Amino acid sequence: MKRIAAVSIAVLLLGTACVSPPEEPAPAGKLYIIGGGSRPVSMLYEIVELSKAKDNGYMFVLPMANANPDSTIVWTRENFSVTGLDRITGYNFNNNAEIPAGMLDSLRNAKLIYIPGGVQTRFMNAISNTPIAEAIMEAYHNGAVIAGTSAGAAVMSAKMITGGQLKNPHSDEGYTTIESGNIETAAGLGLIPDVIVDQHFIRRQRMNRLVSLAIENPGDLCAGIDESTAIIIEGDMATVTGLGQVVVIRNKTGESTVNNGLLGSKEMEMSVYLPGDQFIIR
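None of these values were measured; they are calculated from a predicted model. (Residues numbered from 1 in each chain as written. Predicted model: local features only at pLDDT ≥ 70, side-chain atom pairs only at ≥ 80, totals over all residues. Heavy atoms only, no water.)

Asks: Explanation requested: the nonpolar core in the structure shown.
Replies: Nonpolar side chains tend to gather and get buried jointly when the protein is soluble and globular. One finds Ile33, Leu62, Phe123 and Phe279 to be the most contacted residues of the largest nonpolar core, which totals 46 residues. At five residues, helix H6 (residues 132-141) tops the list of elements feeding residues into this core. The residues contacting isoleucine 33, other than those within four sequence positions of it, are Gly148, Ala153, Met156, Ile192, Val197, Ile225, Thr229, Ala230, Ile231 and Ile233. In terms of nonpolar packing, the next biggest core, distinct from the first, is built from 19 residues, Ile34, Leu44, Val61 and Tyr114 among them. (Core = buried A, V, L, I, M, F, W, Y, C linked by side-chain atoms within 4.5 Å. Buried < 20%, exposed > 50% of the residue type's maximum accessible area, 1.4 Å probe, protein only. Helix = DSSP H or I, 4+ residues; strand = E, 2+ residues; numbered from the N terminus. Contact = heavy atoms within 4.5 Å.)

Dropping the structure here:
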């Protein structure tokens, strides 16, 4: 009997070990990731329509990437007023100040959260050691649209481009090389865990930066979004909208070589998408 009981327990434990943990449900919301530059009025209407913020909802502006955060809230309110959305609020959260509970609740319950441009590291520094990132993620999972432009686009990635170069920190010529260990990244919001977003992409000729990132981050899809252009992410699908192009690079094999600091990789996949095109991000 003891032997039978022992076998039964072993089988039970084995069965328990084989049970996979339940998958986290996909976010119910959408991401609207703009590559910077001017935003056509049609894009503003599209953002508001996707969020349904005019239907008993509101927009919440997070201006912390900008050097003039309070003015940024006012400018954003003026820009979006053309859409007829008049319920627009915002707050300059700062990790050195106490966060009003009411403002945090307003962020969690917003139908549309908008992150304007500026410096992405300034934004992430402002919310470090605060519940802001968690509140944004909660709103996203509950169905909110999270929209951002320029720096507000970069922060959406889990692995965020900072704009800095580790090997060429004082370069004023842009990204002139494809070399190892040069492109600086930091932690972003993680709304899209396997995608790295680059912005102002074609306008500012940032191909070398994206190629470097793709070679050194084979598990990630690297997306360069041009100005006045956006990708709308819903589930695993991205749709291009706006006026320009989106360049997507994947390091399919994960292979890379380094020769005198220069990066090499074979069989990488690159696509250039136009408005209306769709692609799978995971």
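Having seen the model, we can carry on.
Asks: When you look at the environment of methionine 160 in this model, what are you seeing that I'm missing?
Replies: If you trace the backbone, methionine 160 turns up in strand E6 (residues 159-165). Once the C-alpha coordinates of methionine 160 and threonine 121 are considered, the two residues, 39 residues apart in sequence, prove to be 8.9 Å apart. Beyond its immediate stretch of four places on either side in the chain, methionine 160 contacts Gln120, Thr121, Met124, Ala154, Val155, Glu184, Thr185, Ala186, Ala187 and Gly188.

Asks: Looking at this structure, I do not really get the sheet that holds strand E12 (residues 246-250). What am I missing?
Replies: Two modes of strand pairing occur in sheets, parallel and antiparallel, and in both the strands are linked by backbone hydrogen bonds. Read across the sheet, four strands follow the order E8-E9-E12-E15 without closing on themselves; strand pairing throughout is mixed. Edge positions in the sheet fall to strand E8 (195-198) and strand E15 (269-273), since each has one partner strand and no second. Ignoring which end each strand starts from, the neighbouring axes of this sheet average 20° apart. As paired strands, strand E9 (residues 221-225) and E12 are joined by four bridges and run antiparallel to one another. (Pairing = 2+ DSSP bridges. Axes fitted to C-alpha atoms, helices over the stretch in contact; angles between N-to-C directions.)

Asks: So what exactly am I meant to see when it comes to helix H5 (residues 120-127) here?
Replies: The α-helix advances 3.6 residues per turn, and as a result positions three or four apart in sequence lie on the same side. Along H5, the residues classified as buried are Gln120, Phe123, Met124, Ala126 and Ile127. Here the buried residues of H5 occupy an arc of 160° about the axis, which is enough to place them on one side. Just downstream of H5, asparagine 129 is the residue with a positive phi angle, here 60°. (Arc of directions from axis to C-beta.)

Asks: How should the layout of surface pockets be read in this particular structure?
Replies: Space left empty within the atom packing is revealed by a probe, the size of a water molecule, rolled over the atoms. Of the voids in this model, the largest pocket is the one considered here, and its volume is about 240 Å³. Residue lining of the largest pocket: 14 residues in total, with Ala26, Pro27, Leu191, Pro193 and Arg282 positioned closest to the centre. Counted by class, the lining of the largest pocket contains seven nonpolar, four polar and three charged residues. Roughly 190 Å³ of volume is contained in the second largest pocket. Around the second largest pocket, the lining is made up of 13 residues, and of these Gln120, Gly163, Gln199, Arg204 and Arg206 lie nearest the centre. A per-class count over the lining of the second largest pocket returns three nonpolar, seven polar and three charged. (1 Å grid on protein atoms, 1.4 Å probe; cavity = no way out; pocket = protein on both sides within 12 Å on 5 of 7 lines; lining within 4 Å. Points joined across faces, edges and corners; volume = space filled by probe spheres on them. Nonpolar A, V, L, I, M, F, W, Y, C, P; charged D, E, K, R; others polar.)

Asks: Would you mind showing me how to read the sheet that holds strand E10 (residues 229-234) here?
Replies: Taken in spatial order, the eight strands line up as E3-E2-E4-E5-E1-E10-E11-E16 in an open sheet, and their pairing is mixed. If you trace the sheet from one side to the other, it starts and ends with strand E3 (88-90) and strand E16 (278-280), each paired once. Here the strands of the sheet are splayed against their neighbours by 20° on average, with no regard to which way each runs. Here strand E1 (residues 30-34) runs beside strand E5 (residues 145-149); their pairing, made up of five bridges, is parallel. The residue bridging isoleucine 34 from the neighbouring strand is threonine 149, located in E5. In the packing of helix H2 (residues 41-51) onto the sheet, the strands contacted are E1, strand E4 (112-115), E5, E10 and strand E11 (237-242), and the crossing angle to E1 comes to about 165°.

So, to be careful, I would describe these as geometric facts and stop short of saying anything about function.
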